[in-house]
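# Per-entry structural report
Here is what each chain is made of, one letter per residue.
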Amino acid sequence: MKILMVCLGNICRSPLAEGILKHKALNAGLDWLVDSSGTSGFHIGEPPHHLSQKVARLNGIDISAQRCRQFSEEDLRFYDKIYVMDQSNYADLKRLCKTAWMPEKVMLILNELYPGEDREVPDPWYGGEAGYHNVFDLLEKACEKIIEKSK
Ligand code: 4NP
């Protein structure tokens, strides 16, 4: 199983999603490839936001070695499943992939927890640390569901 987590910057939310799912897959003995990328190229080559790193670390997960990269159409072909954080990520991917679009591979990650509700993982970029804890909690529950479903 090859899974890609996508957000806007690949600096706050999707690095957490990658770290959490990798951690859970390893603990569950699942040989999954998990990666993340951003729809924008603002932060290419940078490590995750320091508050994403901090919140991950407080929960026993080290995401410090991750580096930001931008989504490419190649990712759509390579990955089995692509999770996006919000509706604008979804629209951006669709635009970037043009005629290659594969809607069956792409879904809002919180639809794993709340099917059909189209809830979004809020962007913590403009707020304080509490927003990063909230994002962690949402992603932790969604990733747990992804692991459960695979059993
Ligand atoms: P992310 O958050 O999509 O969760 O990584 C953001 C990171 C950077 C920016 C916006 C959102 N930015 O405008 O640079």
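All figures in this text were calculated on a predicted structure; none of them were measured in a lab.

## Details of the pairing of strand 2 (residues 33–38)
Of the pairings in the sheet, the one linking strand 1 (residues 2–7) to strand 2 comprises six bridges and is parallel in character. Bridging across to strand 2, Leu-4 finds its partner in Asp-35.

## Quick look at the site of the ligand
Taken together, Cys-7, Leu-8, Gly-9, Asn-10, Ile-11, Cys-12, Arg-13, Phe-42, His-43, Asp-123 and Trp-125 make up the full set of residues adjacent to the ligand. Asn-10 places a main-chain nitrogen or oxygen 3.4 Å from an oxygen atom of the ligand. Here an oxygen atom of the ligand sits 2.8 Å away from a polar atom, N or O, in the side chain of His-43. Here the ligand, which alone exposes 350 Å², has 92% of that area covered by the protein. Under a 2 Å grid-point criterion requiring more than half of the atoms, the pocket assigned to the ligand is the largest pocket.

## Notes on the layout of surface pockets
There is about 160 Å³ of room inside the largest pocket. Taken together, 13 residues line the largest pocket, and the ones lying closest to its centre are Leu-8, Gly-9, Ile-11, Asp-123 and Trp-125. Looking at the lining of the largest pocket, its residues break down into seven nonpolar, four polar and two charged.

## Concerning the side chain of Glu-18
Structurally, Glu-18 can be placed in helix 1 (residues 13–27). The buried category is assigned to Glu-18, whose relative accessible area is 5%. What Glu-18 contacts, discounting residues up to four positions off in sequence, is Met-5, Val-34, Asp-35, Ser-36 and Gln-66.

Conventions we followed
Here, residues in each chain are numbered from 1, in the same order as that chain's written sequence. For a predicted model such as this one, the threshold for reporting local features is a pLDDT of at least 70, and the threshold for listing and counting side-chain atom pairs is 80 or more; totals across whole chains, interfaces and linings nevertheless cover every residue. Derived side-chain values reflect all non-hydrogen atoms in the structure, with water molecules and hydrogen atoms excluded from consideration. Should DSSP find at least two bridges between two strands, the strands are taken to pair. To qualify as a helix, a DSSP run of H or I must reach at least 4 residues; to qualify as a strand, a run of E must reach at least 2; elements of each kind are numbered from the N terminus. By convention in these notes, a residue is near a molecule or strand provided one of its non-hydrogen atoms lies within 4 Å of it. Between N or O atoms, a polar contact is any pair within 3.5 Å; within protein, one atom must be a potential hydrogen donor and the other a potential acceptor, and residues adjacent in sequence are included only when both atoms are from side chains. For the area figures, the Shrake-Rupley method with a 1.4 Å probe applies, and any residue is considered shielded solely by the protein chains shown. A cavity, in this analysis, means grid points on a 1 Å lattice covering only the protein atoms where a 1.4 Å probe fits yet has no way out; a pocket is instead an open set bounded by protein on both sides within 12 Å along at least five of seven lines, and a residue lines either one if it has an atom within 4 Å of a point. Cavity and pocket membership follows a simple rule, namely that a molecule belongs there if more than half of its atoms are within 2 Å of the grid points. Grid points are joined across faces, edges and corners, and a volume is the space filled by probe spheres set on the points. Charged means Asp, Glu, Lys or Arg here, nonpolar means Ala, Val, Leu, Ile, Met, Phe, Trp, Tyr, Cys or Pro, and polar covers whatever is left, Gly included. We call a residue buried when its accessible area falls under 20% of the maximum for its residue type, exposed when it is over 50%, and partly exposed in between, using a 1.4 Å probe and counting protein chains only. Any two residues whose heavy atoms approach within 4.5 Å are treated as being in contact.

The values reported here are purely geometric and, on their own, carry no functional implication.
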